[in-house]
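# Fold and geometry: a report
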Amino acid sequence: MKVKTVEYKGIKCALYKSYMAENDGPLVKILNPMDVDKAYELGFECVGHPDEIVKYISEEEYKEFSE
């Protein structure tokens, strides 16, 4: 799985084309647990305890980060 580090609205994240299952859509996952509160404010959600805090993003956003 190819992973790239990006900054999403001030939070350092890992960028994934798919994460939970093949073709489940692009998402960003926070890398620093200290950013959890800020991430939740931005609409991130917990998909696995304790550190899988992710936000699905649009294909457009994914392409911008991939350039």
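Residues numbered from 1 in each chain as written. Predicted model: local features only at pLDDT ≥ 70, side-chain atom pairs only at ≥ 80, totals over all residues. Heavy atoms only, no water.

## Points about the pairing of strand β4 (residues 45-48)
The line we're drawing: For two strands to count as paired, DSSP must find a minimum of two bridges between them. Each helix is a run of DSSP H or I of at least 4 residues and each strand a run of E of at least 2, with the numbering of both proceeding from the N terminus.
Of the pairings in the sheet, the one linking β4 to strand β5 (residues 52-56) comprises three bridges and is antiparallel in character. Bridge assignment links G48 to a residue of β5, and that residue is E52. Hairpin connection from β4 to β5: three residues lie between these consecutive antiparallel strands.

## A word on the packing of aromatic side chains
Threshold: Stacked, edge-to-face and tilted labels apply to pairs of Phe, Tyr and Trp rings (six-membered ring for Trp) whose centres lie within 6.5 Å, assigned for plane angles under 30 degrees, over 60, and everything in between, in that order. Accessible area is worked out with a 1.4 Å probe on protein chains only. A residue is then buried under 20% of its type maximum, exposed over 50%, and partly exposed in between.
Per the stated rule, a full pass over the model turns up two aromatic pairs. Measuring from centroid to centroid gives 5.8 Å for Y8 and F44, while their planes differ by 70°, and the two rings are edge-to-face. Here the residue Y8 occupies a position in strand β1 (residues 4-8), and F44 occupies one in the loop between α1 (36-41) and β4, the gap between them amounting to 36 residues. Both residues of the pair, Y8 and F44, count as buried. Centre to centre, the rings of Y8 and F65 are 6.3 Å apart; their planes meet at 55°, and the pair counts as tilted. Of this pair, Y8 sits in strand β1 while F65 sits in helix α2 (residues 59-66), and the two are 57 residues apart along the sequence. Through a chain of ring-to-ring contacts, three or more aromatic side chains come together here, namely Y8, F44 and F65.

Such coordinate-based values are descriptive only and should not be taken to indicate function.
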